[in-house]
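Listed below, chain by chain, are the residues.
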Amino acid sequence: MKISTFITSLVFLCAGMCCPPEPDHNYQNYDFDVPGLISVQNQGQVFNQNDTLWIKTVIPNTLISENGEEFEINELSENAENASTILNLYLENSFNQPSPIILSENEIVPLTGSANYQYDLVITAIAKENRMENEFGIILKERGNYFLGAAYPENPLSFYIDANNYNQISIKTNFKNQDSDQFRFRVE
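Scoring rules and cut-offs
Residues numbered from 1 in each chain as written. Predicted model: local features only at pLDDT ≥ 70, side-chain atom pairs only at ≥ 80, totals over all residues. Heavy atoms only, no water. Helix = DSSP H or I, 4+ residues; strand = E, 2+ residues; numbered from the N terminus. Buried < 20%, exposed > 50% of the residue type's maximum accessible area, 1.4 Å probe, protein only. Lys, Arg positive; Asp, Glu negative; His and termini not counted. Salt bridge = Lys/Arg side-chain N within 4 Å of Asp/Glu carboxyl O. Contact = heavy atoms within 4.5 Å. Pairing = 2+ DSSP bridges. Phe/Tyr/Trp six-rings, centres within 6.5 Å; stacked < 30°, edge-to-face > 60°. Core = buried A, V, L, I, M, F, W, Y, C linked by side-chain atoms within 4.5 Å. Polar contact = N/O pair within 3.5 Å; in protein donor to acceptor, adjacent residues only side chain to side chain.

Asker: Hey, could you go over the side chain of Asp120 for me, with residue numbers and the actual values?
Answerer: Tracing the backbone shows Asp120 in the loop between strand S10 (114–117) and strand S11 (121–127). Buried and unpaired, Asp120 has Arg184 as its nearest opposite-charge partner, separated by 16 Å. Apart from the residues lying within four places of it in its own chain, the contact partners of Asp120 are Ile86, Leu87, Asn88 and Ala151.

Asker: Go over the pattern of salt bridges with me, naming the residues and quoting the values.
Answerer: Side chains that carry opposite charge are capable of pairing whenever their charged atoms lie near each other. One pass over the structure, following the stated rule, counts five salt bridges. Here Lys128 ties to Glu133 by a salt bridge, and the two come within 3.8 Å at their closest N and O atoms. Relative accessible area serves as the criterion here: at 33%, Lys128 is assigned to the partly exposed category. As a salt-bridge pair, Glu188 and Arg186 come within 2.8 Å of each other at their nearest N and O atoms. With relative accessibility at 35%, the residue Arg186 sits in the partly exposed group.

Asker: Give me the lowdown on the pairing of strand S12 (residues 131–139), citing residues and values where you can.
Answerer: Summarising burial for S12: seven of the nine residues are buried, a large majority. In the sheet, strand S4 (residues 52–60) pairs with S12 via nine bridges, with the strands oriented antiparallel. In the strand pairing of S12, Val58 is matched with Glu133. In the sheet, S11 pairs with S12 via two bridges, with the strands oriented antiparallel. Looking at the pairing, Ala127 lines up with Met132 of S12.

Asker: Kindly report on the packing of aromatic side chains, identifying the contributing residues and their values.
Answerer: Under the definition given, this model contains seven aromatic pairs. Seen in terms of ring centroids, Tyr30 and Phe71 are 5.4 Å apart; in terms of plane orientation they differ by 65°. Their pairing is edge-to-face. Placement of the pair is Tyr30 in strand S1 (residues 29–33) and Phe71 in strand S6 (residues 70–72), with a sequence separation of 41 residues. As far as burial versus exposure is concerned, Tyr30 and Phe71 are alike and both buried. Plain terms: the ring middles of Tyr90 and Phe147 are 4.8 Å apart, the flat faces sit at 20° to each other, and that makes the pair stacked. Here Tyr90, found in strand S7 (residues 82–91), pairs with Phe147, found in strand S13 (residues 144–150); they are 57 residues apart in sequence, far enough to count as distant.

Asker: Residues and numbers for the nonpolar core, please.
Answerer: Among the nonpolar cores identified, the biggest contains 40 residues, and Phe32, Phe136, Ile138, Ile171 and Phe185 are the most heavily contacted of them. Among residues more than four places away in sequence, those in contact with Ile138 are Asp51, Thr52, Leu53, Ile55, Leu89, Leu103, Glu107, Leu121 and Leu148.

Asker: Tell me about unusual backbone geometry, and please be specific about residues and values.
Answerer: In this structure, Asn79 is a non-glycine residue whose phi angle is positive, near 60°. Checked against the element boundaries, Asn79 lands in the loop between helix H2 (73–77) and S7. You can call Asn79 partly exposed: its relative accessible area is 48%. For Asn130, which is not glycine, the phi dihedral falls at a positive 65°.

Asker: So what's going on with the pairing of S11? Which residues, and what values?
Answerer: Of all seven residues in S11, five are buried; the element is thus mostly enclosed. Where S7 meets S11, six bridges bridge the pair, whose relative direction is antiparallel. Its bridge partner being in S11, Ile86 is matched across the sheet by Val122. Pairing of S10 with S11 involves four bridges; the strand directions are antiparallel. Looking across to S11, one finds that Ala115 is bridged to Ile123.

Asker: Describe the side chain of Asn167, listing the residues and the values that go with them.
Answerer: Along the chain, Asn167 falls in the loop between strand S14 (158–161) and strand S15 (168–172). From its side chain, Asn167 meets the backbone oxygen of Leu76 in a polar contact 2.7 Å long. Apart from the residues lying within four places of it in its own chain, the contact partners of Asn167 are Asn26, Gln28, Tyr30 and Leu76.

Quick look at the structure:
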């Protein structure tokens, strides 16, 4: 009985060792720094209570790397359908850390792509005519000094493209209106 168990185990062991190796994938990381991809569509930085703050993102298909090389997102990602980032709306206060605002679906108005609150504000730009776009609004319910920025203010604001292959594509950007990682404004 023990010899048959040994032989059976040996057959499975040999079969496992004879399998061809898995193909080695060529993993590539592509990091871009493209300022001004996110813009606030409203004029000025002072809003009234219940105004809507409109935010638009346009990511072009052609990106230029730091060393001047030109890349097509569609080729790098094998025609990815979207890119995403995580933002937060913060209320400035007298503490050292600003307070993140929890938004309900009634306070977020998505127009192109998606914007929804899941512990943070998840923004998804979708493929549209040789670029990726997102447009959404936030209804400003309370008075105060605010800023819109990355989910973790100490990290750069970046979009991540959901590639259909093994490539990792990230695009560091900022707000076009203030040339900063944060858009600061006041609600009166």
